[in-house]
Each structure stands twice: as C-alpha cells, then as structure tokens.
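# Tertiary structure, described
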Amino acid sequence: MSLLHVSAPVRPLRLFLSVLALVFIVEATVMLSLPWILPADSTPQLEALVDACGLTLVLAPLLWWLVIRPLQRLAALRSLLVSQLLAAQETERRRMAHDLHDGLGQTLTTLTVGLRTLEEAPSLETVKMYARELRRIGGEAHEEIRRLARGLRPAVLDDLGLAAALERYVADFRTAHGVDASFTCNCPLESRLPAEVETTLYRIAQEATMNALRHGRAGRIEVALECGAKSAELRVGDDGRGFDAGEVLRRPAAQGPFGLLSMRERAEQLHGEATIVSTIGVGTQVSVVVPLRDSNHD
C-alpha cells in the first residue's frame, strides 16, 4: 500500500517560524562559542566579524534547502499546472466543438430539412407524420443541450446544492460508463455549504471518478460526502488497479500526475488537503477535507 499526501508543499507560517528558530539557535551557538574560539583580548569588531561569518556559513546552505529549493519547486509546479490547465481547457473546448458539430449541429440540420419537407407536404396526414418526427428530433436536441450544460456546470449544483449534484452526477456516470457507482451522504437535510466549497468538491469528485475509470479501470466506485460543523470531507474509493505513489512522484515534471496535482491545488485554495491511499491490485481511496470558516452555513 502506498500513500500520496498531496497537501500544500510550502506552509508560509511554518516556514517563517522554522527560519526564526534556526536563526536563534545558530546565533546563540555562535555567541556562546566565541570565548573558546577567540583570544581573551579580542576586540568587539573581531567578535562581530566572526559572529557574522559563522552565522552566514551555517545559515546559507540551510536557507537554500529550507527556503529557496521549496520555492523553486513550487514555482515550477505552478508553471506546470498552468500549462497543463490551459492544455486541458483547449482539449475540453475541442471536445465541446466536436459535440456541437456532430451532435447538435446535425440534429438542427435534420430539423431544417424536415421543416422544408413539411412545407411541401401534400396532405394533412403527412404533415402530422412529419410533425411527430420533428418533435422527436427536437426532444433529442433538447436532451443533448442539457447533457452539454451539465458537463459545463450542472444547474442542480446551484439550485439544490452539492449533495443533490453529486447524486445526479453519480447516477449519470453509472449510466454513461456502465460501472457500479454509488453515492452516500451524511449531511444535514437541506444543508448548503459555501458556494466555493461546493464547486471545489464537485470538480474533485469529477476528477477522481474519471481517474478511477480511465487509469484505474475500476468496476466499482463509491463516492461519499460528510459534513461537519467545522469541515466537509469528500471520499472517492474504487476497486481499480491502484498505483505506486513512489513511482508517480519520481516521474519527470512534464509527465507528473496532473489529476492528483489538480485535486491538491483545488483543496489548497480552500486551505484544505487531499490524501490518496493506493494499493496495487486493490484500488485507490481519495480523501479531501476542506475547513468551513463559517460553521453556521445554511
């Protein structure tokens, strides 16, 4: 079993306190060592120079590894995420254009041809027959528009909240992909989380379930939502192939786990964290915990 903890790589407050503690320890050590290093008749200027040299020699490599390197990795990670996000957006636009052209576009073309035929119908009975067919085609176009709209942002997320949106999403996912997908919810009835929390957890659920299907080849996926007074937790588990977290982290940046990093970034923006536990041949468990700043959410 391997665990991939994908919380924030750099914690500013923790880093600040660590640097302060490090400076204090090094400075105190140097000052206490001066009587044994310098002669008894040394001048204050010489003591200050030795103190500065010792502090610089000790702190320079430590600050490089504790501050500069993490910031460099963070900057590289941010740049990679931005580039991959733009690529994902372009892929999604291409898919939407394909769906509009091949799906809705062809349906509207059929409607146009049918209306022209309707105008030239020789009898009322023929008109009724064409009208029934056109109504059926119009219904298919309406369902196609609703499907595309749900893919962009489901209206139920805004109208009824995260629990209802996830329930609808899991049901559609089960029908569309033929997998055994289920959803359980342990939240107060009619409870609404902050809008940014609902959107973030919904997108993470989409990412996790699609990863389970595409990469894990899962046959069963379980989605669970739990709401507390101070935090909300989303769990997505599957019985797929699993993966080795160590091997994933050793990949080059350009081949990195974009889906995992995306979930991490979404959770981090809300001061939350994402943890992924995976066992090869058994499956993967994704857990995302997001704090609720306003515990009196509706």
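Scroll up to find the structure.
So, here's what we can say about the structure.

Reading the values: the criteria
- Residues numbered from 1 in each chain as written.
- Predicted model: local features only at pLDDT ≥ 70, side-chain atom pairs only at ≥ 80, totals over all residues.
- Heavy atoms only, no water.
- Disulfide = S-S within 2.5 Å.
- Helix = DSSP H or I, 4+ residues; strand = E, 2+ residues; numbered from the N terminus.
- Buried < 20%, exposed > 50% of the residue type's maximum accessible area, 1.4 Å probe, protein only.
- Expected span 1.5 Å × (residues − 1).
- Arc of directions from axis to C-beta.
- Contact = heavy atoms within 4.5 Å.

All right, on to the state of the cysteines then. Here the structure, examined in full by the defined rule, presents one disulfide. Residue pairing for Cys 187: its cysteine sulfur links by disulfide to Cys 227, the two sulfurs lying 2.0 Å apart. Here Cys 187 and Cys 227 share a disulfide; its torsion about the S-S bond, 70 degrees, makes the bridge right-handed. Here Cys 187, found in the loop between strand E2 (180-186) and helix H6 (195-214), pairs with Cys 227, found in strand E3 (residues 220-227); they are 40 residues apart in sequence, far enough to count as distant. Given a relative accessible area of 18%, Cys 187 falls into the buried group. What makes Cys 227 buried here is its relative accessible area of 14%. There is no disulfide at Cys 185, and the cysteine sulfur nearest it, in Cys 187, is 3.8 Å away. For Cys 185, a relative accessible area of 36% corresponds to the partly exposed category.

Okay, helix H5 (residues 162-177) next. Its 16 residues give H5 an end-to-end C-alpha distance of 22 Å, which sits within 8% of 22 Å, the value for a rise of 1.5 Å per residue. Residues of H5 that are buried: Leu 162, Ala 165, Leu 166, Tyr 169, Val 170 and Phe 173. Down the axis of H5, the smallest arc covering the buried residues is 130 degrees, so these residues share one side. Away from its buried face by more than 90 degrees, H5 exposes Glu 167 and Thr 175. Where the residues of H5 are buried, they touch helix H4 (155-159), E2, H6, E3 and strand E4 (231-238). Of the residues trailing H5, Gly 178 is marked for its positive phi of about 65 degrees.

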